[in-house]
Amino acid sequence: MKVKNLIAILFVAVFVASCSTVKQSARMESPSTYINTATVADLEVSETAITFTYEPSNAVCNGGYENVIKTAVSEALKKHGDYDVLVGLQYTIKQNFFGKIKIITVKGYPAKYKNFRNLPDSIWEKTPLFKQPVNNSTKVWTSIFNK
């Protein structure tokens, strides 16, 4: 019986020792070329405002203040017709004594994106942001010193 146990232990030891580890690495490289595209869309805004009250879970609250607001907006848009964005967003937050958000109420006009289109390549042309001011006094001083 002891020989069988010894053989089993030896088999397990050989099996475990034969395992190998795999090393992996990664690196980030910036792209050498860029493709610029500009896409715009129209908004189809509803004429009626919606109001939605949301009680965030602990997981949502752990994501932070902005996460709670964005989650409430997302849930409101899903509930009221699967819209894309809430225009004119207003929100009210009720917190407990320790600052944990208990209830958030969001209000605004739901809207959907429509009529997606690309802008022409002329928007990428280099245009001067400002013109250099002409300073005549500099020309006078340089001409005096160059004599």
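Structure shown above.
Residues numbered from 1 in each chain as written. Predicted model: local features only at pLDDT ≥ 70, side-chain atom pairs only at ≥ 80, totals over all residues. Heavy atoms only, no water.

A. Geometry of the side chain of Thr-71. Within the element layout of this structure, Thr-71 appears in helix H3 (residues 65-79). Discounting chain neighbours no more than four positions away, the residues touching Thr-71 are Tyr-54 and Val-60. (Helix = DSSP H or I, 4+ residues; strand = E, 2+ residues; numbered from the N terminus. Contact = heavy atoms within 4.5 Å.)

B. Looking closely at the nonpolar core. Ranked by internal contacts, the top residues of the largest apolar core, which has 16 residues, are Tyr-54, Val-68, Ile-104 and Val-106. Contributions of two or more residues to this core are made by strand S2 (50-54), helix H2 (58-62), H3, strand S3 (85-95) and strand S4 (101-118). In terms of residue count, H3 provides more of this core than any other element does, six residues in total. The residues contacting Val-106, other than those within four sequence positions of it, are Ile-50, Thr-51, Phe-52, Ala-72, Val-73, Ala-76, Leu-89, Gln-90 and Tyr-91. (Core = buried A, V, L, I, M, F, W, Y, C linked by side-chain atoms within 4.5 Å. Buried < 20%, exposed > 50% of the residue type's maximum accessible area, 1.4 Å probe, protein only.)

C. View of a nonpolar patch on the surface. Together, Leu-43, Val-45, Val-87, Tyr-109, Tyr-113 and Phe-116 give the surface a local cluster of nonpolar side chains, amounting to about 550 Å² of exposed area. Of all the elements in the fold, those that place two or more residues in the nonpolar patch are strand S1 (39-45) and S4. A per-element tally of the nonpolar patch places S4 first, with three residues. Looking at the element boundaries, Phe-116 is found in strand S4. Given a relative accessible area of 58%, Phe-116 falls into the exposed group. (Patch = residues over 30% accessible without salt bridge, like charges linked within 9 Å, V, L, I, M, F, W, Y side chains within 5 Å. Areas by Shrake-Rupley, 256 points an atom, 1.4 Å probe, with all protein chains shown as cover. Salt bridge = Lys/Arg side-chain N within 4 Å of Asp/Glu carboxyl O.)

D. Molecular detail of the packing of aromatic side chains. In total, this model carries three aromatic pairs according to the counting rule given. Between Phe-52 and Tyr-54 the ring centres are 6.5 Å apart and the planes differ by 25°, which places this aromatic pair in the stacked class. The residues Phe-52 and Tyr-54 share a single accessibility class, namely buried. On the numbers, 6.3 Å between centres and 55° between planes, the contact of Tyr-113 with Phe-116 is tilted. Its guanidinium or amino end placed over the ring of Tyr-83, Lys-112 lies 5.5 Å from that ring's centre, counting from NZ or CZ. (Phe/Tyr/Trp six-rings, centres within 6.5 Å; stacked < 30°, edge-to-face > 60°. Lys NZ or Arg CZ within 6 Å of the ring centre and 35° of its normal.)

E. Quick look at the side chain of Ser-46. Within the element layout of this structure, Ser-46 appears in the loop between S1 and S2. A relative accessible area of 19% means that Ser-46 is categorised as buried. At 3.3 Å, the side chain of Ser-46 forms a polar contact with the backbone nitrogen of Thr-48. With near-sequence residues (within four places) excluded, Ser-46 lies in contact with Tyr-83, Tyr-109 and Pro-110. (Polar contact = N/O pair within 3.5 Å; in protein donor to acceptor, adjacent residues only side chain to side chain.)

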